[in-house]
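Next come the chains, spelled out residue by residue.
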Amino acid sequence: MAKNDDQNLLKKIIAHSKEYGYVFPSSEIYDGLSATYDYGQYGAELKKNIRDYWWKAMVQMNENIVGIDASIFMHPTTWKASGHVDAFNDPMIDNKDSKKRYRADVLIEDFVAKIEAKIDKEVTKAEKRFGDAFNKEEFLSTNGRVLDNQKKIDTINARFKKDIEEENFDDLKLLIEELGIACPVSGSKNWTEVKQFNLMFSTELGAVTEGASKIYLRPETAQGIFVNYLNVQKTGRLKLPFGIAQTGKAFRNEIIARQFIFRMREFEQMEMQFFIKPGTEMEWYENWKEKRINWHKSLGLGEENYRFHDHLNLAHYANAACDIEFNFPMGFKELEGIHSRTDFDLKAHEEFSGKKLQFFDSEEERSYVPYVVETSIGLDRMFLAVLSSAYTEETLEDGSSRIVLRIPPVLAPVKAAVLPLVNKDGLPEKAREIMEELKYSVNVQMDVKDAIGRRYRRQDAIGTPYCITVDHQTLEDGMVTIRERDSMEQRRVSVDEVVAEIEKAVDLKQLLKTL
Ligand code: GAP
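Structure report, in brief. (Residues numbered from 1 in each chain as written. Predicted model: local features only at pLDDT ≥ 70, side-chain atom pairs only at ≥ 80, totals over all residues. Heavy atoms only, no water.)

1. Side note on a negative patch on the surface
Threshold: Here, patches come from residues exposed beyond 30% relative accessible area and free of salt bridges, joined within 9 Å for like charges and within 5 Å for nonpolar side chains (Val, Leu, Ile, Met, Phe, Trp, Tyr). Reported accessibility uses the Shrake-Rupley method at a 1.4 Å probe radius. Residues are deemed covered only where the shown protein chains occlude them. Salt-bridge detection follows one rule: a side-chain nitrogen of Lys or Arg within 4 Å of a carboxyl oxygen of Asp or Glu. Here Asp and Glu are counted as negative and Lys and Arg as positive; His is not counted, and neither are the chain ends. Where a charge lies is defined by one atom per residue type, namely NZ (Lys), CZ (Arg), CG (Asp) and CD (Glu). Secondary structure follows DSSP: runs of H or I at least 4 residues long count as helices, runs of E at least 2 residues long count as strands, and numbering of each begins at the N terminus. Exposure classes here rest on a 1.4 Å probe applied to the protein chains alone. A residue is buried below 20% of its type maximum, exposed above 50%, and partly exposed in between.
A cluster of acidic side chains, namely Glu437, Asp496, Glu497 and Glu503, defines a negative patch on the protein surface. The leading source of residues in the negative patch is helix 17 (residues 495–505), at three residues. Assessed through its relative accessible area of 31%, Glu503 is described here as partly exposed.

Encoded structure:
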């Protein structure tokens, strides 16, 4: 069954995450805080493993990319220069009956997505009808219903793009009304005017309110990279093209934060700014699109679950941009952005700071402001992508059922659980020996409580790829049973082999080599 056929999948994932220590509502004892979540003992490990894989793939695997860790608070002029004070807005519209607030662009995009779904349905129907003889390209360019729907999409998109570019919010409202878009809560089409809302959180720096100055919580980590461009370039003696990467928290006052950890007010980004010679940006833009999609595909979450989506509504800094979308339980949504940011940011920082942020090109014997191609992925969204593709409910041959998290072993929070068959007769001691051996290379845990079958289920639900069972025979011949999470296959192997096998199976090196 396709993931998004299951309306309840997201709810099940939320419940499972809470029950098994992955994600908890923030400050839950005070009834939580909307759109903020805490990562529990397994969630923190999974998040760290995703971050590590990204960092290694970007920084360690590329001689010309280095990593930094800039602070969350930055000089307030940073955000004036970056355009966030003036332009980091969302066009919002309220429904007068439900009093609910929506992003106007999201209402329109959702409407367009419904028409796209109609086209997809036509394609699926025709594929079934024509079988092997089906030619998708030809069908899309000749079928009357598809062409009508495509025309509708193009007309809406063109008007929407123009309205956004020209900040024509009266027409944006008119467009919503003409399309007959209704509030999902009240069902009414009784809308207010469209207004702009800035998404940055602000606070005050300084002990007393009077002398305090207003500062912002960074809405993206990228600016910490731009303001350090010269420091890093000079101290690292870096030549174009080169990249600076960083991971860290970002904050946005999302008006409609929703869908679990997909859209939060506090989240983590993993960003890389690639500094290049002006004029080479389209080449590098394509190059990074390919590199990033390969990174995603290497994890084996299913190639069909990814697609590119070009931006119509370009951010204030970009001359080309696209998203890598993932098939989340609520459908295809943005997971990562790849943006050609031109020299917008560095030039703006030059202007506002009065400092030169240039590169001396010794071949051309001239200095210029580099262009930038950026890759920006939300760590929390990647976490949700991993979790939602991993979550599986299975009915087994004996009629029993299990929930298993088929997390790629390299990312799994616990790589192996050592289970003494009984909690006596020297078996726990032997199990501990194995654990002591493994713990230096992988995250391993010992579980002694409950019948062995229940312990296997518990590890399946956590997503542990390997269980090692120690029984009485082990004490005699040094052999243990290794059970694989996905196939549930069990084999007898020696203790030495088991350690080597697990270390190899969860080693990031294998994955990094495929990039
Ligand atoms: N520096 C460019 C930038 O910030 P963006 O498309 O606004 O671009 C990049 O954000 C990524 O950050 C998104 O693709 C998404 O994965 C993640 N992200 C953005 N807003 C988020 C939110 N409110 N909650 C969780 N993740 C978010």
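2. Considerations on the sheet that holds strand 5 (residues 101–103)
Adjacent strands of a sheet pair through backbone hydrogen bonds, lying either parallel or antiparallel. So the rule is basically this: Here, a strand pair is defined by DSSP locating no fewer than two bridges between the strands. Fitting a line to C-alpha atoms yields each axis, with helices limited to the stretch in contact; the angle taken between N-to-C directions then spans 0 to 180 degrees.
Strands sit in the order 5-4-6 across an open sheet of three strands; the sheet is antiparallel. The sheet is open, and its two borders are formed by strand 5 and strand 6 (195–198), each paired with just one other strand. The sheet shows a mean angle of 45° between the axes of neighbouring strands, direction not considered. As paired strands, strand 4 (residues 89–94) and strand 5 are joined by three bridges and run antiparallel to one another. Across the sheet, the residue bridging to Met92 is Arg103, located in strand 5.

3. Some points on the site of the ligand
What counts here: It suffices for a single heavy atom of a residue to lie within 4 Å of a molecule or strand for the residue to be listed as near it. Within 3.5 Å is the distance limit for a polar contact, defined as a pair of N or O atoms, with the added protein rule that one can donate a hydrogen and the other accept it, and that residues adjacent in sequence qualify only through two side-chain atoms. Classification convention: Asp, Glu, Lys, Arg as charged; Ala, Val, Leu, Ile, Met, Phe, Trp, Tyr, Cys, Pro as nonpolar; all other residues, Gly among them, as polar.
Inspection of the region around the ligand gives 21 residues, with Glu220, Arg252, Met264, Glu271 and Glu334 positioned closest. Note that a nitrogen atom of the ligand is positioned 2.6 Å from one of the side-chain N or O atoms of Glu220. Of all elements in the fold, only strand 10 (266–276), strand 13 (331–342) and strand 16 (371–378) reach the threshold of two or more residues within the shell around the ligand. Among the elements that line the shell around the ligand, the one with the most residues is strand 13, at six residues. When grouped by side-chain class, the residues that make up the shell around the ligand number six nonpolar, five polar and ten charged.

4. As for the environment of Leu46
Rules: Contact criterion: two residues are considered in contact whenever any of their non-hydrogen atoms come within 4.5 Å of each other.
Inspection of the secondary structure assignment puts Leu46 in helix 2 (residues 41–60). Distance from Leu46 to Tyr466, taken between C-alpha atoms, is 16 Å for residues 420 residues apart in sequence. For Leu46, the residues in contact, after removing those within four places along its chain, are Tyr22, Phe383, Val386, Leu387, Ile407, Leu411 and Pro413.

5. Considerations on unusual backbone geometry
Cis geometry marks the peptide bond from Leu240 to Pro241, where omega comes out at -5°. Looking at where Pro241 falls in the secondary structure, it is placed in the loop between helix 10 (229–235) and strand 9 (242–251). One non-glycine residue, Ser27, lies in the positive phi region at around 40°. Within the secondary structure, Ser27 is located in the loop between strand 1 (23–25) and strand 2 (37–39). With a relative accessible area of 34%, Ser27 lands in the partly exposed category. Positive phi, close to 65°, is recorded for Met488, a residue that is not glycine. For Met488, the location among the structural elements is in the loop between strand 22 (479–484) and strand 23 (490–494).

6. Focus: the layout of surface pockets
Heads up, the condition is: Using protein atoms alone on a 1 Å grid, points that fit a 1.4 Å probe yet trap it form a cavity, whereas open point sets bounded by protein on both sides within 12 Å along at least five of seven lines form a pocket; residues with an atom within 4 Å of a point count as lining. Grid points are joined across faces, edges and corners, and a volume is the space filled by probe spheres set on the points. Boundaries between domains were set according to an automatic or database domain assignment.
By volume, the second largest pocket is sized at about 330 Å³. A class-by-class count of the residues in the lining of the second largest pocket yields six nonpolar, three polar and seven charged. Summarising the domain contributions, the lining of the second largest pocket has at least three residues from each of domain 1 (1–74 + 199–406) and domain 3 (414–512).

7. So, the nonpolar core
Heads up, the condition is: Here, nonpolar core refers to any group of buried Ala, Val, Leu, Ile, Met, Phe, Trp, Tyr and Cys residues whose side-chain atoms link them within 4.5 Å.
Counting 62 residues, the largest nonpolar core has Tyr22 and Ile50 as its most contacted members. When residues are assigned to domains, this core turns out to be shared by domain 1 (1–74 + 199–406) and domain 3 (414–512), each giving three or more. Within the second largest apolar cluster, 26 residues are counted, among which are Phe134, Phe139, Ile156 and Ile181.

8. Quick look at the packing of aromatic side chains
To keep it simple, the criterion reads: Planes of paired rings set the category: under 30 degrees apart is stacked, over 60 is edge-to-face and the rest tilted, where pairs are Phe, Tyr or Trp rings (Trp by its six-membered ring) whose centres lie within 6.5 Å.
Under the definition given, this model contains 19 aromatic pairs. Residues Tyr37 and Phe260 carry aromatic rings whose centres are separated by 5.1 Å and whose planes lie at 85° to one another, so their mutual orientation is edge-to-face. Note that Tyr37 is positioned in strand 2 and Phe260 in the loop between strand 9 and strand 10, a separation of 223 residues in sequence. For Tyr37, a relative accessible area of 25% corresponds to the partly exposed category. Since its relative accessible area comes to 6%, Phe260 is described here as buried.

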